[in-house]
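Chain and residue survey
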Amino acid sequence: MSTEEGHLPSGAARSPRLIRIAEVIDRCALSKTTIYDRIRKGTFPPPADLGGVVAWSEAEVEDWIAARLAERTAVHRAAAAFCSLPAIQGGRRSTANAKED
């Protein structure tokens, strides 16, 4: 059964794209040492051993990056919400920045 280039026969599963360490470093902006430290800590996706060569699932690395960006966004939203709260001192609203009458 032949297929057009770039198209899979219906029902065929697509193989995950694997990327090597140089591309992981480039995409994540982390050093090789940091990547392997985070793998040991369980905070970065581990590579697949391909028999003497290791490679990462591109999807897992992209998911990891997306999760870091989502965390950053959540932290920024929380910080913005906190900064917009009125200052409270001694159970009363701070008048340090209020104009004198």
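Everything in this summary refers to the structure shown in the same document. Keep in mind the model is a prediction, meaning the values are calculated, not measured.

**Some thoughts on the sheet that holds strand β3 (residues 54-57)**
In spatial order, the strands read β1-β3-β2; together these three strands make up an open sheet with antiparallel pairing. Edge strands, defined here as strands with exactly one partner in the open sheet, are β1 (18-19) and β2 (48-49). Direction of pairing for β1 relative to β3: antiparallel, over a ladder of two bridges. When the bridges of β3 are listed, I19 appears paired with W56. Strand contacts of helix α3 (residues 58-83): β1 and β3, with the helix running at about 55° to β3, the strand carrying the most contacts.

**Details of the environment of E62**
As for its placement among the helices and strands, E62 is situated in helix α3. Its relative accessible area of 34% is what places E62 among the partly exposed residues. Separated by 35 residues in the primary sequence, E62 and R27 have C-alpha atoms spaced 8.5 Å apart.

**Quick word on the packing of aromatic side chains**
By the definition in use, this model includes two aromatic pairs. Look at Y36 and W56: their rings are 6.0 Å apart centre to centre, the planes differ by 70°, and that puts the pair in the edge-to-face class. With Y36 in helix α2 (residues 32-41) and W56 in strand β3, this pair connects stretches of sequence that are 20 residues apart. Y36 gets classed as partly exposed once you look at its relative accessible area, which sits at 27%. Measuring from ring centre to ring centre gives 4.8 Å for F44 and W64, while their planes differ by 65°; the resulting arrangement is edge-to-face. Of this pair, F44 sits in the loop between α2 and β2 while W64 sits in helix α3; the two residues are 20 residues apart in sequence, bridging distant segments of the chain.

**Brief notes about the side chain of S57**
Considering the arrangement of structural elements, one finds S57 in strand β3. Judged by relative accessible area, which is 15%, S57 ranks as buried. Beyond its immediate chain neighbours, meaning those up to four positions away, S57 contacts R17 and L18.

Rules of the game
Residues numbered from 1 in each chain as written. Predicted model: local features only at pLDDT ≥ 70, side-chain atom pairs only at ≥ 80, totals over all residues. Heavy atoms only, no water. Pairing = 2+ DSSP bridges. Helix = DSSP H or I, 4+ residues; strand = E, 2+ residues; numbered from the N terminus. Contact = heavy atoms within 4.5 Å. Axes fitted to C-alpha atoms, helices over the stretch in contact; angles between N-to-C directions. Buried < 20%, exposed > 50% of the residue type's maximum accessible area, 1.4 Å probe, protein only. Phe/Tyr/Trp six-rings, centres within 6.5 Å; stacked < 30°, edge-to-face > 60°.

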